[in-house]
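Report on the structure
The residues making up each chain are set out below.
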Amino acid sequence: MDINYTNEQGNRRVRYGRRIVAGALLFGFLACGPVFGDSLYIVRQSFEVKNLPAGAREVRGWFWMPEDRPGQRVLEFRVVEAPDSLRITRDPVYGRSWLYAEGEAQAGRPLRIVTEFKVMREKLSGLADAARAGVLTEQDRRAFAAELRLDEKHMEVTPEIRKIANDLAGTEQNPVVQARKFFDYVIAKSDHYSKWGTAPQGKCWGSAMECLAGTGDCCTDQHALFIALCRARGIPCRLIYGSRLNLNNEGKDYDPGYRCWPKFYAPGLGWVPLDVSSGDTAGDRAAEWFGGLDDTRLEWAEGRDFDLEPRSKVRPDLVIRGWVEVDGKPHSDFSRVLNFKRVGTS
């Protein structure tokens, strides 16, 4: 399938053929029937690589893009501006799509990608129904072995974490009941930085042990500990990355940063979402975030220790917004600007 786009000035038309096979699937959403959800957004997102080192020769970049996910439906997607090398790739482990471009490093001509899309977000609630959950079987655990890794970086299941999980869960077999105990424990054990300031004080490595020690105050730290506790009990759990849309910034150019959240698997329910960090800051409404998510967030990516496609020279652990390499070395100086408009609710 060929995909065409014209930039806003109308003076450039680029034709993508089979280089953008994943894009054929994405644009196929346009032919779908009506979608019912809670909030509809029109979003413009741009990435730009800046301040290249002197003598740089090549720039490569992998960047977040939206996809159809539970609670999220991409209705329209178009590329507004991008180099000719742009293509949509999928990482082989998690199957998520990324915007990828490469090119010669040129002073005054930064690598820049601008996209616009329309996305429906649904408010999710009540998904952690313990009465409907079954007991995990060995077949379940074989199917989701990747989400049960005991040695994943910064989410290792140490003897200390295993003891905590066993002490909390005891003989309980229901994965929802166990996960709720871990959700409450992480909230009681840690504090998200937003409770007292605007910037984290910790390293934000997404470290279960940092969170356990009281020095990890990012959502990635809190959720790393939750995931490690789940895995210690044989409950598959995965890490999702997204961004929250601050309605006070509607119509403004800004970087909304990121928010991660986990999903655990329960037979009879499937993958159950939650947000420990939102629960931590919600006071007596914390339970709403166990099996529930708001409709003011976008989902972008999944996992860590990324095997990007095409292969990056350095394998990144966490990819926040994107990953850029200049002459094969990581380059952190790139900007991401998002502007959104909420055009409908139900």
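Structure: above.
Okay, so let's go over this structure. All values reported here derive from a predicted model rather than from experimental measurement. (Residues numbered from 1 in each chain as written. Predicted model: local features only at pLDDT ≥ 70, side-chain atom pairs only at ≥ 80, totals over all residues. Heavy atoms only, no water.)

1. Here we look at the environment of Asp 317
Where we set the bar: A run of H or I in DSSP counts as a helix once it spans at least four residues, and a run of E counts as a strand once it spans at least two, with each numbered from the N terminus. To sort residues, take the accessible area from a 1.4 Å probe on protein chains only and compare it with the maximum for the residue type: under 20% means buried, over 50% means exposed, and anything in between is partly exposed. Contacts were defined at the residue level, with two residues in contact if any of their heavy atoms lie within 4.5 Å. Under this definition, polar contacts are N or O atom pairs within 3.5 Å; protein pairs additionally need one hydrogen-donor-capable and one acceptor-capable atom, and for neighbouring residues in sequence, both atoms have to be side-chain atoms.
With respect to the helices and strands, the residue Asp 317 is situated in the loop between β12 (297-302) and β13 (322-326). Look at Asp 317 and you get buried, because its relative accessible area is 16%. The spatial distance from the C-alpha of Asp 317 to the C-alpha of Phe 306 is 6.0 Å, given a sequence separation of 11 residues. When residues no more than four places from it in sequence are discounted, the contact partners of Asp 317 are Lys 153, His 154, Trp 205, Arg 304, Asp 305 and Phe 306. A polar contact of 2.8 Å, which involves the side chain of Asp 317, links it to the side chain of Arg 304.

2. A look at helix α3 (residues 159-169)
Quick reminder of the rule: This arc is built from the directions going out from the helix axis to the C-beta atoms.
Residues Ile 161, Ile 164, Ala 165 and Ala 169 constitute the buried set of α3. Down the axis of α3, the buried side of the element spans an arc of 115 degrees, and every buried residue falls inside it. Among the exposed residues of α3, those oriented more than 90 degrees off its buried face are Pro 159, Lys 163 and Asp 167. Immediately downstream of α3, the backbone of Gly 170 shows phi near 60 degrees, a positive value.

3. Structural notes on unusual backbone geometry
Of note, the amide linkage connecting Glu 309 to Pro 310 takes the cis form, showing an omega dihedral of -5 degrees. Mapped onto the elements of the fold, Pro 310 is located in the loop between β12 and β13. At Asn 51, a position not held by glycine, the phi torsion is positive, near 50 degrees. With respect to the element layout, Asn 51 can be found in the loop between β3 (39-49) and β4 (58-63). Phi at Asp 327 takes a positive value of approximately 55 degrees, unusual for a residue other than glycine. Position of Asp 327 relative to the elements: it lies in the loop between β13 and β14 (329-330). The exposure class of Asp 327 is partly exposed, given its relative accessible area of 28%.

4. Quick word on the packing of aromatic side chains
As a reminder, the rule being used: Aromatic contacts are taken between Phe, Tyr and Trp rings whose centres are within 6.5 Å, Trp giving its six-membered ring; a plane angle under 30 degrees counts as stacked, one over 60 as edge-to-face, and the others as tilted. Geometrically, a lysine NZ or arginine CZ counts as sitting over a ring once it is within 6 Å of the ring centre and also within 35 degrees of the ring normal.
What the rule picks out here adds up to 16 aromatic pairs. Summarising the aromatic geometry, the rings of Trp 64 and Trp 300 are spaced 5.8 Å apart at their centres and angled 10 degrees between planes, so their arrangement reads as stacked. Within this pair, whereas Trp 64 is found in the loop between β4 and β5 (72-81), its partner Trp 300 is found in strand β12, the two being separated by 236 residues in sequence. Of the two residues examined, Trp 64 and Trp 300, each falls in the buried class. Here the aromatic cluster, defined as three or more aromatic residues joined through ring pairs, consists of Trp 64, Phe 77, Phe 117 and Trp 300. Sitting over the ring of Trp 261, Arg 297 keeps its end group 4.7 Å from the ring centre.

5. Things to note about the pattern of salt bridges
Quick reminder of the rule: We define a salt bridge as a contact between a side-chain nitrogen of Lys or Arg and a carboxyl oxygen of Asp or Glu at a distance within 4 Å.
In this structure the tally under the stated criterion is 30 salt bridges. Arg 149 is paired through a salt bridge with Asp 151; the nearest N and O atoms lie 3.1 Å apart. Residue Asp 151 is classed as exposed on the basis of its relative accessible area, which comes to 53%. Its salt-bridge partner being Asp 307, residue Arg 311 comes within 2.6 Å of it at the nearest N-O pair. Residue classification places Asp 307 among the buried residues on the basis of a relative accessible area of 13%.

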